[in-house]
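Next come the chains, spelled out residue by residue.
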Amino acid sequence: MTRVTTSKDVAKAAGVSQPTVSRALAGHPQVSPATRERVRKAAQELGYVPQESGRVLRSRRTRRIAVVSSPDDLLNPFHPQLIVPLHQALTAAGYRTTLLAETEDAAVLAQLTDGSVDGVVLTATDTGSAVPRHLAASGVPHVLVNRLVPEEGHPSCVADNRQGAADIAALVAGLGHTEVALVLGPRRLSTSLDREAGFRSVLASGRSVRTRVLRGGHDHATGVAAAQSLLDTAHRPTAILCASDEIALGVLHEARLRGVAVPGELTVTGFDDIPMAGWEPYALTTVRHDAGRMAAEAVRLLLSQLSPDADGAAPESVVLHADVVLRGRTPHQPHDSFLIHLGTWRRCHRL
């Protein structure tokens, strides 16, 4: 049987007392920053997470929920569309919200599992994260929002990223484009993987469509860099499908600097429908999914776990439909082939 790492092990590795470990991981002000960092590093290296939280959670309620994000996501304009309704829904249910901006740090894991919160909402989990497993092992109610992990057993609420990406790819193919570029986000995110799969499911079936792929972050800088690379080629694409609106806005920015007419010479599409996508200077065709409904469903899934009547049923996963929003950066009207494909896709995949 594998031996469980204890706070005593962490204390020995960090060269401090056992009580100091508890104080350091709780962020106690009397622990110096240097000692706190040494303890955190030792805990992370040893994979230490407090194991008592399951029993604590069953015996009392704090009326507090932790919403775990990441620094990168907090800078993403889509994220407030998710965080604000999450906070509102939890407040309406009588819970206070604590926003945490790190996911893998040992101190954050300790805070999530030490009984100081009743449940956890994960909004920035990547596919390799150990956090959902730690929460499940500690008996902490939790839900993933806008993200999925490969392991089963974790309640989640996401948009149908594959369907949305397939619909907008069908739009581009229906406009007659044969040189298409995909600018994608990190492979470690389920949103990136599913949007890529949706794009490819349509473009791979086009006999005359040549596809190029670039990867980066879901940010403006990725779009700028991608446009610089793609628009310098002899056979530059006539359409660029972006895995997020931020990427698309970066592409539009660089295209404008180079005097490339959008939509006259280049079609650009995004994903998420952040507020800026609808601004007149951008008028970006994109994929919209209802962040407010996503937040409401996530809170419902979490509260069902916190209910005294929770019966240990299999975790529920909710997938919400996504819609293409046509704006001025897409030229002319879709060909009949797009409308036929879109109708067929929706009949087969709409929930």
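Residues numbered from 1 in each chain as written. Predicted model: local features only at pLDDT ≥ 70, side-chain atom pairs only at ≥ 80, totals over all residues. Heavy atoms only, no water.

(A) Just the sheet that holds strand 7 (residues 210–215), in detail. Spatial strand order, 7-6-8-9: four strands in an open sheet with parallel pairing. A single partner strand is all that each edge strand has here, and the edge strands are strand 7 and strand 9 (267–269). The mean angle between the axes of side-by-side strands here comes to 15°, regardless of whether they run parallel or antiparallel. In the packing of helix 9 (residues 161–174) onto the sheet, the strands contacted are strand 6 (179–184), strand 8 (239–242) and strand 9, and the crossing angle to strand 8 comes to about 175°. Helix-sheet contacts for helix 11 (residues 220–230) involve strand 6, strand 7 and strand 8, and the interaxial angle to strand 6 is about 150°. (Pairing = 2+ DSSP bridges. Helix = DSSP H or I, 4+ residues; strand = E, 2+ residues; numbered from the N terminus. Axes fitted to C-alpha atoms, helices over the stretch in contact; angles between N-to-C directions. Contact = heavy atoms within 4.5 Å.)

(B) Inspection of the nonpolar core at higher detail. Ranked by size, the top nonpolar core spans 46 residues in total, and within it V180, F199, I240, L241, L266 and V268 carry the most contacts. When residues of this core are traced back to their parent elements, those giving at least two are helix 9, strand 6, helix 10 (190–203), helix 11, strand 8 and helix 12 (245–257). When near neighbours in sequence (up to four residues on either side) are disregarded, I240 contacts A181, V183, L230, V251, L266, T267, V268 and T269. Ranked by size, the runner-up nonpolar core spans 21 residues in total, among them L86, L90, V121 and C157. (Core = buried A, V, L, I, M, F, W, Y, C linked by side-chain atoms within 4.5 Å. Buried < 20%, exposed > 50% of the residue type's maximum accessible area, 1.4 Å probe, protein only.)

(C) Representation of the environment of R215 within the structure. Looking at the element boundaries, R215 is found in strand 7. The partly exposed category is assigned to R215, whose relative accessible area is 34%. For the pair R215 and A226, spaced eleven residues apart in sequence, the C-alpha separation works out to 8.2 Å. Once residues lying within four places of it in the same chain are set aside, the contact partners of R215 are L184, G185, R187, E196 and R200. Within polar-contact distance, the side chain of R215 engages the side chain of E196 at 2.9 Å. (Polar contact = N/O pair within 3.5 Å; in protein donor to acceptor, adjacent residues only side chain to side chain.)

(D) Region of the structure containing the environment of V262. Relative to the helices and strands, V262 is located in the loop between helix 12 and strand 9. Through-space distance from the C-alpha of V262 to that of A239 is 9.7 Å; in sequence the pair is 23 residues apart.

(E) Seen up close, helix 1 (residues 7–14). Listing the buried residues of helix 1 in full gives S7, D9, V10, A11 and A14. Lining the buried residues of helix 1 we find helix 2 (18–25) and helix 3 (33–46). G15 sits one or two positions beyond helix 1 and adopts a positive phi of about 75°.

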